[in-house]
Amino acid sequence: QVQLVESGGGLVQPGGSLRLSCAASGFTFSSYAMSWVRQAPGKGLEWVSDITSGGYTNYADSVKGRFTISRDNAKNTVYLQMNSLKPEDTAVYYCNAKFRMYNYWGQGTQVTVSS
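Sequence order as written defines residue numbering, which begins from 1 separately in each chain. Whole-chain, interface and lining totals are the exception, using all residues; otherwise, since this is a predicted model, local features are given only for residues with pLDDT of at least 70 and side-chain atom pairs are given and counted only at 80 or more. For side-chain calculations, the full set of non-hydrogen atoms in the structure is used, while hydrogens and water are omitted.

Structural notes on the overall build of the chain
Helix and strand labels come from DSSP, where a helix needs a run of H or I of at least four residues and a strand needs a run of E of at least two; each type is numbered from the N terminus. When helices and strands are tallied, the chain shows 0 helices and 11 strands. In the chain, the succession of α and β elements from N to C terminus is β-β-β-β-β-β-β-β-β-β-β. Taken along the three principal axes of its C-alpha coordinates, the chain extends 40 × 25 × 25 Å. Exposure classes here rest on a 1.4 Å probe applied to the protein chains alone. A residue is buried below 20% of its type maximum, exposed above 50%, and partly exposed in between. Burial status across the chain gives 41% buried among its 115 residues. The contact criterion used is simple: two residues touch if any of their non-hydrogen atoms lie within 4.5 Å. Considering only contacts within the chain whose residues lie at least 6 apart along the sequence, 53% involve residues at least 24 apart. Exposure was quantified through the Shrake-Rupley algorithm and a 1.4 Å probe, taking into account, for residues, occlusion by the shown protein chains and nothing else. Summed over its atoms, the accessible surface of the chain is roughly 6000 Å², and 48% of this surface lies on carbon and sulfur atoms. As used throughout, the charge tally considers Lys and Arg to be positive and Asp and Glu to be negative, leaving His and the chain termini uncounted. One atom stands in for each charge, and that atom is NZ of Lys, CZ of Arg, CG of Asp or CD of Glu. For the chain, the separation between the mean place of its 10 positive charges and that of its 7 negative charges on side chains is 4 Å.

This is the structure we're talking about:
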């Protein structure tokens, strides 16, 4: 059974940091490209960052220089280190796994940036 379980969300003040984790099971994690996608209140899905099976990373301009994606294939986990958080980063953050025609989603974790 495929599972993606996000954790690490919460309430943080502007300028603070959080690290999101996404634990995967039920598929060959190391073969999959992993992404983080977010959805702010009342808005559509926004791609944030991805990391290929080979470890290459990409970032949306809105988070470049502040967020870092990484993966640990031994732990079947992908991370998103978020620094210098802004109120506009408030959203539900989803983990996504993609390989050929296979595409899996987690349930999301809420990140709220507010003073």
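Here the narrative resumes, following the displayed structure.
Description of the packing of aromatic side chains
The pairing test for Phe, Tyr and Trp rings, Trp by its six-membered ring, is centres within 6.5 Å, and the orientation test on the planes gives stacked under 30 degrees, edge-to-face over 60, and tilted for anything in between. Per the stated rule, a full pass over the model turns up 4 aromatic pairs. Plain terms: the ring middles of Tyr32 and Tyr104 are 5.9 Å apart, the flat faces sit at 25 degrees to each other, and that makes the pair stacked. Of the two residues, Tyr32 sits in the loop between β3 (18-25) and β4 (33-39) while Tyr104 sits in strand β10 (residues 102-105), which places them 72 residues apart along the sequence. Taken together, the ring pairs in this structure connect Phe27, Tyr32, Phe99 and Tyr104 into an aromatic cluster. Comment: the charge-over-ring label is applied if NZ (Lys) or CZ (Arg) is within 6 Å of the ring centre and within 35 degrees of the ring normal. Looking at Arg71, its charged tip hangs above the ring of Phe29, at a distance of 4.6 Å from the centre.

Some thoughts on the pattern of salt bridges
By salt bridge we mean one thing: a side-chain nitrogen of Lys or Arg within 4 Å of a carboxyl oxygen of Asp or Glu. Under the counting rule described, the total for this entry stands at 4 salt bridges. A salt bridge links Asp61 to Lys64; the shortest N-O distance between them is 3.2 Å. Grouping residues by exposure puts Asp61 and Lys64 together as exposed. Members of the salt-bridge network, linked through shared partners, are Arg38, Glu46, Arg66 and Asp89.

Some remarks on the nonpolar core
What is meant by a nonpolar core is a set of buried Ala, Val, Leu, Ile, Met, Phe, Trp, Tyr and Cys residues, joined one to another through side-chain atoms within 4.5 Å. Counting 28 residues, the largest nonpolar core has Met34, Trp36, Val78, Leu80, Met82 and Tyr93 as the members making the most contacts within it. Of all the secondary-structure elements, those providing two or more residues to this core are β3, β4, β5 (45-51), β7 (67-72), β8 (77-82), β9 (91-99) and β11 (109-113). Leave out the neighbours within four places in its chain, and Val78 touches Leu20, Ser21, Cys22, Phe29, Met34, Trp36, Ile51, Ile69, Ser70, Arg71 and Cys95.

These figures come from the coordinates and say nothing about function on their own.
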